[in-house]
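Chain by chain, the residues:
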Amino acid sequence: MTDTTLAAPAKASGAFFLETVTHVEHSTDELFTLRTTRDPTLRFASGQFVMLGLMVAGKPLVRAYSIVSANYADELEFYSIKVQDGPLTSRLQHVEVGDQILIGRKPTGTLILDGLRPGENLYLLGTGTGLAPFLSLVRDPETYERYEKVVVTHTVRHTADLSYRRLLEHDLPNDPDLGELVAPKLIYYPSVTRDPFVNQGRITDLIQSGQLFDDLGLPPFDRARDRVMLCGGPSVLTDLKALLLARAYEEGSVHSPGDFVLERAFVET
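Residues numbered from 1 in each chain as written. Predicted model: local features only at pLDDT ≥ 70, side-chain atom pairs only at ≥ 80, totals over all residues. Heavy atoms only, no water.

As a further point, take the overall build of the protein chain. Scanning the protein chain for helices and strands turns up eight helices and 12 strands. In terms of principal-axis extent, the alpha carbons of the protein chain reach across some 55 × 40 × 40 Å. Counting only residues that meet the buried cut, the protein chain has 53% of its 269 residues in that class. Pairs at least 24 residues apart make up 74% of the contacts formed inside the protein chain by residues separated by at least 6 positions. Surface exposure of the protein chain reaches about 11800 Å², of which carbon and sulfur atoms provide 50%. Taken together, the 26 basic and 36 acidic charged side chains of the protein chain have centroids lying 6 Å from each other. (Helix = DSSP H or I, 4+ residues; strand = E, 2+ residues; numbered from the N terminus. Buried < 20%, exposed > 50% of the residue type's maximum accessible area, 1.4 Å probe, protein only. Contact = heavy atoms within 4.5 Å. Areas by Shrake-Rupley, 256 points an atom, 1.4 Å probe, with all protein chains shown as cover. Lys, Arg positive; Asp, Glu negative; His and termini not counted. Charge placed at Lys NZ, Arg CZ, Asp CG, Glu CD.)

Below you can see the structure in the form of structure tokens.
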């Protein structure tokens, strides 16, 4: 995720697992994915994030990253932008298979199923690397047990930035274990703001104009039926939240479930 970088004191190293990089994939000049080993004692709920980073000058340098992988997966997967002058990502983008990574021992976050009241449809609205936590949620059988439709929107600037498009369009609906659950319920709606594309524009504009719902063949947001999760840049989160509040939606949390939740842990760098 694009988020705040924190330099932790050396004595805090006990707060991290030391994991090994098993896979790195650079999808564009600005985006990459990495996978690591997973300590068997690490437990997390789909949609949560951990602190992830590297040892720099003898101290942990970490930032918050949503976990892309399923909560039952053997490895951990993360999705990141590359900030060339960023304290962490300027280094993290150069990691290779076999390198060691710090993974925080305490997953947390608000983008979990228990933060929402029961409903019929679940909308996962992501922009950029804000798609990350939803990739864990759409691989969780419980998501499909709770909702009749699961709609994932992913808004990016360029078509090449639609990372995980094949996973959402093809691989998950045809998965030998999950496909039977996923295929009838998962709807993937990518949109692009700067390149010609079948769905063009900001997600806020597509919602306001009604184009999103016309394209999906579903009625507009109704708090009696639809639940929403939001993750992305702070400006779009502000706009989306205002849009939902105007429709009488109530923000939820783990301790007080509501009609929508958003992740506040990330800010753009």
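Taken as a whole, this structure holds 15 salt bridges when the rule is applied. The closest approach of N and O atoms between E250 and R223, which form a salt bridge, is 3.8 Å. Placement of the pair is E250 in the loop between helix 8 (234–245) and strand 12 (260–262) and R223 in the loop between helix 7 (211–216) and strand 11 (226–231), with a sequence separation of 27 residues. Overall, R223 belongs to the partly exposed group, its relative accessible area being 30%. The partner of E251 in a salt bridge is K241, and the shortest N-O contact between them spans 3.0 Å. With a gap of 10 residues between them, E251 in the loop between helix 8 and strand 12 and K241 in helix 8 connect regions that are remote in the sequence. The class for K241 is partly exposed, based on a relative accessible area of 23%. (Salt bridge = Lys/Arg side-chain N within 4 Å of Asp/Glu carboxyl O.)

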